[in-house]
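# A structural walkthrough
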Amino acid sequence: MPGSGAAALAWALLAGALLLLPPPPVLPQPQPHRRNVSETEAQFNTTYTDWVDADLLHIYAFNHSVRRNTTEGVRVSVNVLSDHKDLPVLFVVRQKEAVVSFQVPLILRGLYQRKYAYQEVSRTLCQPQTKAEVETQHFYVDVSTLSLNASYQLRVTRVENFVLRTNKRFSFNATAAQPQYFKYEFPEGVDSVIVKVTSAMAFPCSVISIQDILCPVYDLDNNVAFIGMYQTMTKKAAITVQKKDFPSHSFYVVVVVKTEDEACGGPLPYYPLSKNSSPDEPVDQHNRQKMLEVMVSPAITSEAYVSSVLFCLSIFLSFYVLTLLIACWESCRQHKRKGLLSAMDSPSLDTASLLGHSRSIPDSFLGRGYDSYGYGSFGNGSSSSTEGVTDSLGSTEVSYSYVGERSLENVAGRPRLDSLSSVEEDDYDTLADIDYDKNVIRTKKYLCVADLARKDKRVLRKKYQIYFWNIATIAVFYALPVIQLVITYQTVVNVTGNQDICYYNFLCAHPLGNLSAFNNILSNLGYILLGLLFLLIILQREINYNRALMRNDTHALECGIPKHFGLFYAMGTALMMEGLLSACYHVCPNYTNFQFDTSFMYMIAGLCMLKLYQKRHPDINASAYSAYACLALVIFFSVVGVVFGKGNTAFWIVFSVIHILATLLLSTQLYYMGRWKLDSGILRRILHVLYTDCVRQCSGPMYVDRMVLLVMGNIINWSLAAYGLIVRPNDFASYLLAIGICNLLLYFAFYIIMKLRSGERIKLIPLLCIISTSVVWGFALFFFFQGLSTWQKTPAESREHNRDCILLDFFDDHDIWHFLSSIAMFGSFLVLLTLDDDLDCIQRDKIYVF
């Protein structure tokens with residue numbers, strides 16, 4: 001085709017023109033810069049002072065003999081005498097299996113990327129292993145720089161005591177640019193050791209690391225956390241090392257001084273910035289040195305684990321044996337009593353004659369099952385209980401006769417309801433006459449238990465059973481995520497090696513499997529075993545009580561404090577959960593999971609106060625829903641206080657105001673037995689009472705005993721609120737728990753005093769429980785306040801409180817607190833359970849309410 005021929009001709013002419021062009025000029029290639037190399041056969045323990053520039057490379061050749069069964073440390077120390085921070089001197093150490101390089105001045109970074117320069121640097125070389133009996137190894141130190149002229153000093157020495165010996169203390173110095181590390185080899189028969197490092201000076205802050213025998217060794221502040229286990233240190237550090245974690249059966253103990261003290265709770269150094277200096281210019285820290293002492297000692301053997309577990313089990317299982325013996329003794333005593341009663345000719349149903357009262361029990365009552373019986377008083381008992389008692393409202397006789405008529409009418413004519421679900425508390429309380437009767441009864445000057453035990457027994461039984469079912473539900477939903485979280489914490493500790501995450505007593509932390517402190521977990525077994533034992537005791541009591549009701553035992557029907565077991569079941573469950581959650585907390589105790597260890601302590605304190613109040617006020621005790629809602633609010637304040645309360649004035653003001661208002665509201669509720677209303681007219685009624693009782697006529701309180709208790713309670717709570725507002729304690733969780741315990745102890749002391757003042761007595765078993773429990777609580781609190789660790793400080797500061805084990809070389813002070821506090825709580829529960837056993841043969845309309 002003509003078109004294609006023309007195109008080919010054009011391309012041919014263009015190629016020919018290009019060939020005729022002259023070639024481009026050849027550019028001169030840059031000649032490589034030739035550096036002069038100076039080689040020196042160097043000797044150990046000799047200081048070499050020399051200079052180097054951009055055209056000179058110094059190489060120092062060293063050789064030394066290495067034996068197979070002997071480890072010898074080699075240390076390279078350099079000091080750059082010239083001040084050229086922007087053009088440092090580079091030192092490269094070439095070994096058989098490793099290369100170590102560092103520049104001088106050595107630049108290390110701190111917080112906020114601050115730079116710190118060090119002119120003197122010392123590094124210990126990683127020693128390669130040898131299979132020959134004796135081998136000569138060579139290594140070289142290369143010195144180079146881009147500076148015009150830099151003078152330096154170089155010295156290579158052998159490290160004395162490079163291999164640590166068991167139970168032998170060794171002292172040494174370290175700085176941020178002159179870290180130290182030593183080797184330890186497990187002796188035969190030793191499976192685990194504990195590395196203890198101490199110092200007389202808290203600062204500068206340092207890091208202790210345990211690393212496997214590998215090259216390179218990470219011994220600088222910016223890389224010491226890359227491998228192995230490590231923890232920060234001020235005066236104490238301790239790491240338990242197990243042989244199974246190190247295939248070579250040996251490890252390095254690395255000690256690094258940090259560039260700043262902030263990680264150990266110290267202040268940040270002054271970082272000077274002048275107009276003429278750059279923010280990136282490094283700061284010379286001069287001689288930041290720390291004197292330390294290290295010792296490696298064997299940890300406990302596997303036999304110690306077994307003996308400690310058996311010891312723990314034997315302590316708490318002995319309570320089961322003791323309880324069984326007491327139960328057998330009580331059963332024998334009851335059989336003897338029944339034998340004596342059956343030998344008497346008096347009718348078995350005329351129990352009133354045994355009590356010293358002349359009375360009879362209607363046949364219609366005795367023929368009915370206990371489920372249809374509503375707690376109440378009989379006519380004779382009610383009238384007799386009013387003798388010598390003056391009713392301030394002038395309605396004592398009316399109210400008591402009403403009680404008698406109401407109880408007999410209820411017993412004789414009310415149909416039996418088989419389903420508990422068909423009985424509701426509102427079935428009894430919504431009637432207008434009953435509501436009026438509440439005002440008459442509960443505002444009497446002197447109340448008896450029969451006055452506050454008028455509701456249907458099945459209603460109250462269902463009401464108090466909700467305490468148990470609610471706390472069981474709370475326990476399940478609370479415990480499952482807690483267990484998952486602490487397992488995650490422990491996994492993170494094991495994987496990262498960061499032992500600053502958990503606040504253990506490292507001087508007495510015995511690992512087992514993946515757990516770092518098994519002893520702190522084992523010591524919580526007492527809460528679970530004794531909580532279970534308490535539940536079994538309550539179950540046996542409930543069975544015996546129900547059997548007595550089924551056989552129409554008059555003592556069970558109309559005598560003693562009304563038996564309700566729901567709160568007792570809740571208390572036992574709370575004690576078991578305290579053990580479980582305390583064990584979870586001690587898997588990895590720290591700032592973020594503290595509430596695991598305290599939540600059920602608040603519940604136990606609250607349930608004990610509710611149970612103590614329920615004894616004499618069964619009809620008007622708080623419902624489970626309101627009680628647990630209040631406890632949830634307490635836990636909420638505990639978390640908020642720990643997170644935001646430290647040094648926060650606004651929080652403490654708000655909390656103190658809420659504390660005082662809650663105290664006033666609760667005092668009003670207790671003083672008027674719930675017969676008051678919080679509505680828009682509350683201020684008018686308060687002013688009216690103040691005018692009539694204080695201005696118009698000066699009259700004393702109608703309920704003196706209650707007023708004394710509430711005044712003392714308000715004084716204590718107002719004082720605690722003022723203390724918190726002024727001092728602002730750091731441990732807000734313990735402060736809040738102290739408020740609950742103080743109120744519980746105050747109410748318990750008031751209950752004991754009023755019980756004795758009312759002519760009642762304390763039987764031998766509760767008396768022994770009170771005395772022994774008080775003694776155990778005293779010892780328990782002594783060990784609690786030893787304070788072996790605290791997450792309110794930095795991990796390094798917390799380790800200053802660490803102490804050695806004091807029991808069986810396995811348990812520390814806090815473990816003994818677990819032992820004693822679980823026993824003390826169990827004893828306290830038994831006191832609440834048996835405190836009013838002396839009233840089991842006293843009619844309820846002769847038992848005073850206080």
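Moving on, we come to the packing of aromatic side chains. A full pass over the atoms with the stated rule returns 54 aromatic pairs. Each ring, one from Tyr48 and one from Tyr60, has its centre 5.5 Å from the other, and the planes form 50 degrees; the classification is tilted. Residue Tyr48 is located in strand 2 (residues 47-52), and its partner Tyr60 is located in strand 3 (residues 56-67); the two are separated by twelve residues in the primary sequence. In this pair, the class of Tyr48 matches that of Tyr60, namely buried. Between Phe655 and Phe732, the aromatic rings sit 5.1 Å apart at their centres with planes inclined by 75 degrees, giving edge-to-face as the arrangement. Here Phe655, found in helix 16 (residues 649-671), pairs with Phe732, found in helix 19 (residues 732-757); they are 77 residues apart in sequence, far enough to count as distant. Accessibility classification places Phe655 together with Phe732 in one group, the buried group. An aromatic cluster is defined as three or more aromatic residues linked by ring pairs; in this entry it consists of Phe636, Phe637, Phe651, Trp652, Phe655, Tyr723, Phe732 and Tyr735. Positioned above the aromatic ring of Phe44, the side-chain terminus of Arg158 is 4.1 Å from the ring centre.

Our next topic: the pattern of salt bridges. The final tally for this structure, using the stated rule, is 17 salt bridges. Note that Lys244 is salt-bridged to Asp245, the shortest N-O span being 3.2 Å. Looking at Lys244, the relative accessible area reads 61%, which means it is exposed. As a salt-bridge pair, Glu760 and Lys755 come within 3.1 Å of each other at their nearest N and O atoms. For the pair Glu760 and Lys755, a shared accessibility class is recorded, and that class is buried. Linked through salt bridges whose partners overlap, the residues forming this network are Lys615, Arg616, Lys755, Glu760, Asp836 and Asp838.

Bringing helix 18 (residues 704-727) into the picture now. The terminal C-alpha atoms of helix 18 lie 34 Å apart, and with 24 residues this matches the ideal 34 Å at 1.5 Å per residue to within 8%. Buried within helix 18 we find Arg706, Leu709, Leu710, Gly713, Asn714, Asn717, Leu720, Ala721 and Gly724. For helix 18, the elements touching its buried residues are helix 16 and helix 19. In the stretch just after helix 18, Arg728 is the one whose phi turns positive, near 55 degrees.

As a further point, take the state of the cysteines. In this structure the tally under the stated criterion is four disulfides. Sulfur-sulfur distance for the disulfide between Cys126 and Cys215 comes to 1.8 Å. Between Cys126 and Cys215, the S-S dihedral sits near -80 degrees, and the bridge is therefore left-handed. On the criterion of sequence distance, the pair formed by Cys126 in the loop between strand 9 (120-125) and strand 10 (134-145) and Cys215 in the loop between strand 15 (206-212) and strand 16 (229-233) is long-range, its members being 89 residues apart.

Right, let's get into the environment of Asp191. When you line up the elements, Asp191 lands in the loop between strand 13 (180-185) and strand 14 (192-198). Looking at Asp191, the relative accessible area reads 58%, which means it is exposed. Each residue touching Asp191, except ones within four places of it in the same chain, is listed here: Phe186, Val241, Gln242 and Lys243.

This paragraph deals with a nonpolar patch on the surface. A contiguous nonpolar surface patch, about 840 Å² in accessible area, is contributed by Ile653, Val657, Leu661, Leu664, Trp718, Tyr723, Leu725, Ile726 and Val727. Mapped by element, the contributors of at least two residues to the nonpolar patch are helix 16 and helix 18.

Another aspect to go through is the sheet that holds strand 2. Reading across the sheet, the four strands line up as 2-11-4-9 and stay open at both edges, with antiparallel pairing between neighbours. Bordering the open sheet on either side are strand 2 and strand 9, each of which pairs with just one other strand. Taken pair by pair, the neighbouring strands of this sheet meet at an average axis angle of 20 degrees, ignoring direction. Here six bridges tie strand 2 to strand 11 (residues 150-159), and the two strands are oriented antiparallel to one another. Residue Tyr48 lies in a different strand from strand 11, and its bridge partner there is Leu154.

The subject of this paragraph is unusual backbone geometry. The omega angle of the peptide bond from Val104 to Pro105 is 5 degrees, so this bond is cis rather than trans. In this fold, Pro105 is placed in the loop between strand 6 (99-104) and strand 7 (106-109). For the bond running from Cys215 to Pro216, omega is 0 degrees, close enough to zero to count as cis. Within the chain, His249 stands out as a residue other than glycine whose phi angle is a positive 60 degrees. Positionally, His249 belongs in the loop between strand 17 (236-242) and strand 18 (250-257). With relative accessibility at 39%, the residue His249 sits in the partly exposed group.

What follows concerns the environment of Asn590. Of note, Asn590 is situated in the loop between helix 13 (566-587) and helix 14 (595-616). Classification of Asn590 by relative accessible area gives buried; the value is 5%. Along the chain, Asn590 and Ser789 lie 199 residues apart, while their C-alpha atoms are 9.9 Å from each other. Within the structure, the side chain of Asn590 is placed 2.6 Å from the side chain of Thr592, a separation counted as a polar contact.

Taken in spatial order, the four strands make up an open sheet running 12-20-14-17, and their pairing is antiparallel. The open sheet has two free edges, formed respectively by strand 12 (170-175) and strand 17, since each of these has just one partner strand. Each strand of the sheet is rotated relative to its neighbour by a mean of 25 degrees, with strand direction disregarded. Pairing of strand 12 with strand 20 (residues 289-298), which is carried by six bridges, proceeds in the antiparallel orientation. Within strand 20, the position partnered with Phe172 by the bridge is Leu292.

So, about the packing of helix 14 against helix 15 (residues 624-644). Their axes nearest at 10 Å, the elements helix 14 and helix 15 cross at an angle of 145 degrees. Along this stretch, helix 14 crosses helix 15, giving a crossing that reads as right-handed. Side by side, helix 14 and helix 15 meet where Gln595, Ser599, Tyr602, Met603, Gly606, Leu607 and Leu610 of the first sit next to Ala627, Tyr628, Leu631, Val634, Ile635, Ser638 and Val639 of the second. Per-class residue counts for the contact of helix 14 with helix 15 are ten nonpolar, four polar and no charged.

For the rest of this paragraph, the subject is the confidence of the model for the protein. Per-residue pLDDT for the protein has a mean of 78; in total, 77% of the residues score no lower than 70. The low-confidence segment residues 345-436 (pLDDT under 50) makes 151 contacts with residues lying over four places distant or belonging to another chain.

Once that is clear, we can look at the packing of helix 13 against helix 14. Working note: a packed helix pair is described by the angle between its axes plus the distance between those axes. At their nearest, the axes of helix 13 and helix 14 sit 8 Å apart, and the two run at 165 degrees to each other. Between helix 13 and helix 14, the crossing angle belongs to the class labelled roughly antiparallel. Of the two possible hands of crossing, helix 13 and helix 14 adopt the one that is left-handed. The residues of helix 14 that touch helix 13, namely those facing Leu567, Phe568, Ala570, Met571, Ala574, Leu575, Met577, Glu578, Leu581, Ser582, Tyr585 and His586, are Phe596, Asp597, Phe600, Met601, Ile604, Leu607, Cys608, Leu610, Lys611 and Gln614.

Further remarks concern the environment of Glu800. Residue position: Glu800 is located in the loop between helix 21 (795-799) and helix 22 (813-834). You can call Glu800 partly exposed: its relative accessible area is 30%. Counting along the chain gives 567 residues from Glu800 to Met233, while the straight-line C-alpha distance between them is 8.6 Å.

Conventions we followed
Sequence positions are assigned chain by chain, starting from 1 and proceeding in written order. Side-chain atom pairs in this predicted model are given and counted only at pLDDT of 80 or more, local residue features only at pLDDT of at least 70, and totals for whole chains, interfaces and linings cover all residues. Side-chain descriptors were evaluated using all non-hydrogen atoms of the structure, hydrogens and water having been removed beforehand. Note on ring pairs: Phe, Tyr and Trp rings are taken, using the six-membered ring of Trp, and paired if centres are within 6.5 Å. Classes follow the plane angle, with under 30 degrees stacked, over 60 edge-to-face and the rest tilted. The helix count covers DSSP runs of H or I at least four residues long, the strand count covers runs of E at least two residues long, and both are numbered beginning at the N terminus. Residue exposure (1.4 Å probe, protein chains only): buried if accessible area is under 20% of the type maximum, exposed if over 50%, otherwise partly exposed. Criterion for a charge above a ring: Arg CZ or Lys NZ at most 6 Å from the ring centre, at most 35 degrees from the ring normal. One side-chain nitrogen of Lys or Arg within 4 Å of one carboxyl oxygen of Asp or Glu is enough to make a salt bridge. Helix span is expected to be 1.5 Å times the residue number reduced by one. Whether two residues are in contact is decided by their heavy atoms, any of which lying within 4.5 Å being enough. Only a pair of cysteine sulfur atoms within 2.5 Å counts as a disulfide in this structure description. Grouping into patches uses exposed residues only, defined as over 30% relative accessible area, and leaves out salt-bridged ones; the cut-off is 9 Å for like charges and 5 Å for nonpolar side chains (Val, Leu, Ile, Met, Phe, Trp, Tyr). All accessible areas in this document rest on Shrake-Rupley with a 1.4 Å probe, and a residue is counted as covered only by the protein chains that are shown. Any two strands between which DSSP finds at least two bridges are classified as paired. Note on geometry: axes are lines fitted to C-alpha atoms, helical ones only across the stretch in contact, with angles between N-to-C directions running from 0 to 180 degrees. Pairing of N or O atoms within 3.5 Å defines a polar contact, subject to two protein rules: one partner must be a possible hydrogen donor and the other a possible acceptor, and residues neighboring in sequence count only if both atoms are side-chain atoms. In this scheme, a crossing is called left-handed if the near helix is turned counterclockwise away from the far one by less than a right angle; it is called right-handed if the turn is clockwise. Residue type decides the class: Asp, Glu, Lys and Arg count as charged, Ala, Val, Leu, Ile, Met, Phe, Trp, Tyr, Cys and Pro as nonpolar, and the leftover types, Gly among them, as polar. The predictor rates its confidence in each residue with pLDDT, a number between 0 and 100. Note on angle classes: values under 35 degrees are labelled roughly parallel, values over 145 roughly antiparallel, values of 65 to 115 roughly perpendicular, and the remainder oblique.

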